[in-house]
Amino acid sequence: MRVWAIANQKGGVGKTTTTLALGRGLAMRGFRVLLVDLDPHASLTRAFGVPAEPQPAGVLDLFDENPAELPRLARATEIENLAFVAAQTPLATLERRSATQPGLGLALSNALARAGAAYDYVLFDCPPTLGLLMVNALAAADHVIIPTQTEPLALHGLKGMCRTSEMIERSRRRALPVSILPTLHDKRTRTGADTLKAMQDAHGDAVWNDAIPNDTRICSVEALTHSAPAAQYPGRGLSAYRRALDWLLLTEARATEQAA
Ligand SMILES: Nc1ncnc2c1ncn2[C@@H]1O[C@H](COP(=O)(O)OP(=O)(O)OP(=O)(O)O)[C@@H](O)[C@H]1O
Ligand SMILES: [Mg+2]
């Protein structure tokens, strides 16, 4: 099982869109995929049509004293091999609980350990805040994927996110590779091109040498959560996400080869 955390401390950079697009892509390639919505705002959960009320079973139940099992919380989707775990609004109150309930930082790692080999890939859609939920996801992850908008202000957020990943890597004493995915890119603007270059200069091979274009068609929940072949949704964004997935899989294969 491979665990990817899709994370950035900055909001609105395409984390949820990336989680859906990569998850859909992996499932279409035949992998058993579980998406886990860690954001109390629950955008991913809503994308699959699950309402806030009545409160669904979901991620919060993994933090109980007698935690639920991941496969029991998983909901099937229209896409074969693709399931997800819903987020609930009270996830936002977990931070407070963590002060009095020790051990919550490893709740997701423990849930994955109990799930064994039920999935080939687990993707965490992180909230845009550095808190208990993001730390849980990073602690459990084999790979952090940081979607980053190609605009100058995003570079600060990216630096912060890389520092956070390094901190987790040091504390858990296990490598935590980072891949940076430029998103919402407008190649017609000078700012977009300059920011992409600045990102590549600062982070080298960790940055994909391509970018997900700003393409409103890929945001269509239709395109990302339904099973029809991607060809039916001809947005440039979806084919860019296919290339991004090729790159991520190649990056992991190379890392595995080097470690062997
Ligand atoms: N490549 C893209 N082209 C055009 N619009 C996009 C693209 N990627 C995402 N969007 C849109 O931008 C908005 C933010 O995207 P998304 O929700 O994926 O970001 P996020 O990082 O998960 O946000 P949050 O921090 O609020 O969770 C959404 O309205 C989404 O539909
Ligand atoms: Mg989101």
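See the structure shown above.
I would appreciate a short explanation of the site of ligand 1 in the present structure.
Taken together, 17 residues lie around ligand 1, and K15, T16, T17, P213 and D215 are the ones closest in. D215 is positioned such that a nitrogen or oxygen atom in its backbone is 2.8 Å from a nitrogen atom of ligand 1. Surface burial for ligand 1 is 74%, taken as the share of its 630 Å² of free accessible area covered by protein chains. The residue inventory of the shell around ligand 1, partitioned by class, reads seven nonpolar, seven polar and three charged.

Help me understand the packing of helix 5 (residues 107–115) against helix 6 (residues 132–140), please; the structure alone is not making it clear to me.
Any two packed helices are characterised by the angle at which their axes cross and by the distance between the axes. For the pair helix 5 and helix 6, interaxial distance at closest approach is 7 Å and the crossing angle is 45°. When the axes of helix 5 and helix 6 are compared, the pair comes out oblique. For the pair helix 5 and helix 6, the contacting residues are A107, L108, S109 and L112 in the first and L133, N136, A137, A139 and A140 in the second. Split by residue class, the contact of helix 5 with helix 6 holds seven nonpolar, two polar and no charged.

For this particular structure, what's the right way to read the pattern of salt bridges?
Applying the stated criterion across every chain, the model contains 10 salt bridges. Taking the shortest distance from any N to any O, the salt bridge between R114 and E69 comes out at 3.0 Å. Placement of the pair is R114 in helix 5 and E69 in the loop between helix 2 (43–47) and helix 3 (70–73), with a sequence separation of 45 residues. What makes R114 partly exposed here is its relative accessible area of 36%. The shortest N-O distance in the salt bridge between D201 and K197 comes to 2.9 Å. Pair noted here: D201 and K197 are both in helix 8 (residues 190–203), with a separation of four residues, about one helical turn.

When you look at the packing of helix 7 (residues 154–172) against helix 8 in this model, what are you seeing that I'm missing?
Relative orientation of the contacting elements helix 7 and helix 8 amounts to 25°, with a least axis distance of 11 Å. Here helix 7 is positioned roughly parallel relative to helix 8, judged by the angle of their axes. Crossing geometry of helix 7 relative to helix 8 is assigned as right-handed. Across the interface between the two elements, L155, L158 and C162 of helix 7 pack against T195, A198, M199 and H203 of helix 8.

Please explain the environment of D186 as it appears in this structure.
You can see D186 is positioned in the loop between strand 7 (178–183) and helix 8. On the accessibility criterion, D186 (23% relative accessible area) is partly exposed. Put simply, D186 and Q149 are 37 residues apart on the chain and 9.7 Å apart in space, counted from C-alpha to C-alpha. A distance of 3.1 Å separates polar atoms of two side chains, one belonging to D186 and the other to R188.

Where do I start with the state of the cysteines in this structure?
Linking two cysteines covalently through their sulfur atoms gives a disulfide. In total, this model carries zero disulfides according to the counting rule given. Of all cysteine sulfurs, the one in C162 lies closest to C126, which takes part in no disulfide; the gap is 14 Å. Overall, C126 belongs to the buried group, its relative accessible area being 1%. Classification of C162 by relative accessible area gives buried; the value is 11%.

How should helix 6 be read in this particular structure?
Each α-helix winds once per 3.6 residues, and so residues spaced three or four apart point in a common direction. In terms of burial, helix 6 is a largely internal element, eight of the nine residues being buried. On the buried face of helix 6, the contacting elements are strand 1 (2–6), helix 4 (94–100), helix 5, strand 5 (121–125), strand 6 (143–149) and helix 7.

Teacher, can you tell me more about the nonpolar core here?
Membership of the largest hydrophobic core comes to 45 residues, with the highest contact counts inside it found for L38, F63 and F124. Looking at which element gives the most residues to this core, the answer is helix 6, with six residues. Those residues in contact with F124, other than ones at most four positions away along the chain, are V3, W4, A5, I6, T19, V36, L38, L108, L112, A137 and A140. Judged by nonpolar contacts, the second largest core, of 32 residues, contains I212, A223, L238 and Y241.

Calculation criteria
Residues numbered from 1 in each chain as written. Chains lettered and ligands numbered in written order. Predicted model: local features only at pLDDT ≥ 70, side-chain atom pairs only at ≥ 80, totals over all residues. Heavy atoms only, no water. Near = heavy atom within 4 Å. Polar contact = N/O pair within 3.5 Å; in protein donor to acceptor, adjacent residues only side chain to side chain. Areas by Shrake-Rupley, 256 points an atom, 1.4 Å probe, with all protein chains shown as cover. Nonpolar A, V, L, I, M, F, W, Y, C, P; charged D, E, K, R; others polar. Axes fitted to C-alpha atoms, helices over the stretch in contact; angles between N-to-C directions. Helix = DSSP H or I, 4+ residues; strand = E, 2+ residues; numbered from the N terminus. Parallel < 35°, antiparallel > 145°, perpendicular 65-115°, else oblique. Contact = heavy atoms within 4.5 Å. Salt bridge = Lys/Arg side-chain N within 4 Å of Asp/Glu carboxyl O. Buried < 20%, exposed > 50% of the residue type's maximum accessible area, 1.4 Å probe, protein only. Left-handed = near helix turned anticlockwise from the far one by under 90°. Disulfide = S-S within 2.5 Å. Core = buried A, V, L, I, M, F, W, Y, C linked by side-chain atoms within 4.5 Å.

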